[in-house]
Amino acid sequence: MTASAATINRQFRLASRPQGAATRENFSFTEAPVGEPAEGGVLVKTLMLSLDPAMRGWMNEGRSYIPPVGIGEVMRAGGIGRVVASRNPAFAEGDVVYGVLGVQEHALVPADQIKAAGLAKIDLRLGTPGQWLNVLGMPGMTGYFGLLDVGLAKAGDTVVVSGAAGAVGQTVGQLAKIKGCRAVGIAGGAAKCEWVVKELGFDACIDYKAGPGAVREGLKEHAPKGVDVYFDNVGGEILDTVMARLARKARIVICGAISQYNNANSAPAAGPKNYLSLLVNRARMEGMVVFDYADRYPQAIAELAGYLKDGRMKSREDVVQGLENFPEALGRLFTGQNFGKLVLEVARD
């Protein structure tokens, strides 16, 4: 199982900062020998990578919650892998791990980077590698803490979530139902909306592609008493429309704004026009970054794994195969082509 020092590692490195959508031209595809771990380090063979909207923001220069990927650096990505060589007593050869592995076939993680990479052993008895990148991974953690800690969702609330068929959205809606809330999704296309309602058990789903005014009319129908919790993954016009339908003391969770990430020249995201609705309804809007809850991940994983096991929660992954297809696969996030959590299968275990 040990990787030879002569093994060639294929990698995608950031070659230039995108103006608008990221394309293959923004990356360089390089090859280099893998090497062996130094004292305290580990070598991980990448099995599967998580493709997330946040990756587009990591390519921009400027201040954020995490430093941007540097030009020439391996593109940042979380993933699942198997330890193929270890000089660290916390990891044994053969362990399956999660961590920030990067868009590459092998990740050589030195001792001083193990914590920063979030490298941790995972238990495949709790879920498949795909589920560990979905409900049991960053999307699931984001949905769990965003809905419960930031959104303060409680039984009887009407919870609306955009990007409902995506990675975070599917967890938010299902968890809302488990906690006794009314769950209303917003998604693009009849097929996604049908899946969200019939398979995931949402009370309703609004197809934002159904025509002008579809979201506004859908909210009137499916959230007639107003929106208590809005979990926002898209920003832009949909955020503005939901803000016009807030209930008294509503909570808006700002998780992401995928509609804004590809703005040309890294222009700032468009702000909501209806922000005075926060004042009128004594509501609040709060941003959340999942890394702030890292010390509580085990709690969330245990609870969500239980829901997967007893069938109260489902986990759908959209798998693209082949490291070489990374740029085009990432682009699927921003055109709505993905159906479920988008992952890139790099190697079979």
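The structure this text deals with has already been given above.
Bear in mind the structure is a predicted one, so any value in this text is a computation, not a measurement.

A. Molecular detail of a nonpolar patch on the surface. Residues Tyr-275, Leu-276, Leu-279 and Val-280 make up a contiguous nonpolar surface patch of roughly 440 Å² in combined accessible area. Residue position: Leu-279 is located in helix α8 (residues 276-280). Judged by its relative accessible area of 61%, Leu-279 is exposed.

B. Here's a closer look at the pattern of salt bridges. Evaluation of the coordinates by the stated rule reveals 19 salt bridges. A salt bridge links Arg-284 to Glu-286; the shortest N-O distance between them is 2.9 Å. A residue is classified by how much of its surface remains accessible, and Glu-286, at 36% relative accessible area, is partly exposed. Connected via shared salt-bridge partners are Arg-10, Glu-105 and Glu-324.

C. Broad picture of the packing of helix α6 (residues 214-222) against helix α7 (residues 236-243). Two elements in contact, α6 and α7, have axes separated by 10 Å at closest approach and are oriented at 35°. In terms of crossing hand, the pair formed by α6 and α7 is right-handed. Contact residues: α6 offers Val-215, Arg-216 and Leu-219, while α7 offers Ile-238, Thr-241 and Val-242. Across the contact of α6 with α7, the residue classes tally to four nonpolar, one polar and one charged.

Each value, and the rule that gives it
- Residues numbered from 1 in each chain as written.
- Predicted model: local features only at pLDDT ≥ 70, side-chain atom pairs only at ≥ 80, totals over all residues.
- Heavy atoms only, no water.
- Patch = residues over 30% accessible without salt bridge, like charges linked within 9 Å, V, L, I, M, F, W, Y side chains within 5 Å.
- Areas by Shrake-Rupley, 256 points an atom, 1.4 Å probe, with all protein chains shown as cover.
- Salt bridge = Lys/Arg side-chain N within 4 Å of Asp/Glu carboxyl O.
- Helix = DSSP H or I, 4+ residues; strand = E, 2+ residues; numbered from the N terminus.
- Buried < 20%, exposed > 50% of the residue type's maximum accessible area, 1.4 Å probe, protein only.
- Axes fitted to C-alpha atoms, helices over the stretch in contact; angles between N-to-C directions.
- Left-handed = near helix turned anticlockwise from the far one by under 90°.
- Contact = heavy atoms within 4.5 Å.
- Nonpolar A, V, L, I, M, F, W, Y, C, P; charged D, E, K, R; others polar.

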